[in-house]
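The chain contents come next:
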Amino acid sequence: MTGQNFIFATRLASNHPDAPGGGSDSDVVVETKPKTKRPPLYKVMLLNDDYTPMEFVVHVLERFFGKTHGQAFEIMLTVHKKGLAVVGVYSHEIAETKVAQVMDFARRHQHPLQCTMEKE
Ligand code: TYC
């Protein structure tokens, strides 16, 4: 983050800064944080299991995460071998939507596939 922001605080009275010639040696410099904060991002992850077919996971990655077939196959294999993989990073609302879409799609097809999110 570039630059610090400062405000000048002062006692209210004859030395009020809004008054002409306001401010005095009693003014205090207060450091504040710049208030433009980026919103937090969330990792969306797929978890491995023993039952969900590989081709179903590949389809999920293409359909909900915009992966090409090659990318989807690679990510699916990573999940299969390592237990989980991050499949995308999104705002809280988008991540929640992705998780809900995948969980609903898996449930409707009676696969135990799990999708979770975690603050980055
Ligand atoms: N382990 C599954 C199988 O052998 C494949 C699989 C991959 C399941 C990724 C879930 O998130 C997953 N059929």
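Residues numbered from 1 in each chain as written. Predicted model: local features only at pLDDT ≥ 70, side-chain atom pairs only at ≥ 80, totals over all residues. Heavy atoms only, no water.

(A) Here's a closer look at the site of the ligand. The environment of the ligand is made up of Leu-47, Asn-48, Asp-49, Thr-52, Met-54, Val-57, Met-76, Val-79, His-80 and Leu-113. Leu-47 places a polar main-chain atom, nitrogen or oxygen, 2.8 Å from an oxygen atom of the ligand. Backbone polar atom of Asp-49 to a nitrogen atom of the ligand: 2.7 Å apart, as the coordinates give it. Contact with the protein chains removes 89% of the 350 Å² of surface that the ligand exposes when unbound. Elements supplying a minimum of two residues to the shell around the ligand: α1 (54-65) and α2 (69-82). Element by element, the count of residues in the shell around the ligand is highest for α2, at three residues. (Near = heavy atom within 4 Å. Polar contact = N/O pair within 3.5 Å; in protein donor to acceptor, adjacent residues only side chain to side chain. Areas by Shrake-Rupley, 256 points an atom, 1.4 Å probe, with all protein chains shown as cover. Helix = DSSP H or I, 4+ residues; strand = E, 2+ residues; numbered from the N terminus.)

(B) Representation of the pattern of salt bridges. Here the structure, examined in full by the defined rule, presents three salt bridges. Ionic pairing is found between Asp-104 and Arg-107, a salt bridge with its closest N-O pair at 2.6 Å. Linking Asp-104 with Arg-107, this pair stays in helix α3 (residues 92-108), spanning three residues, or about one helical turn. The class for Asp-104 is partly exposed, based on a relative accessible area of 28%. Here Asp-104 and Arg-108 are joined by a salt bridge, their closest N and O atoms 2.8 Å apart. Taken as a pair, Asp-104 and Arg-108 lie in helix α3 at a separation of four residues, close to a single helical turn. (Salt bridge = Lys/Arg side-chain N within 4 Å of Asp/Glu carboxyl O. Buried < 20%, exposed > 50% of the residue type's maximum accessible area, 1.4 Å probe, protein only.)

(C) The pairing of strand β3 (residues 42-47), seen in detail. Inspection of the sheet shows β3 paired to strand β4 (residues 84-90) by six bridges, in the antiparallel sense. Its bridge partner being in β4, Met-45 is matched across the sheet by Val-86. As paired strands, β3 and strand β5 (residues 114-119) are joined by six bridges and run antiparallel to one another. For Leu-47, the partnering residue across the bridge sits in β5 and is Gln-114. (Pairing = 2+ DSSP bridges.)

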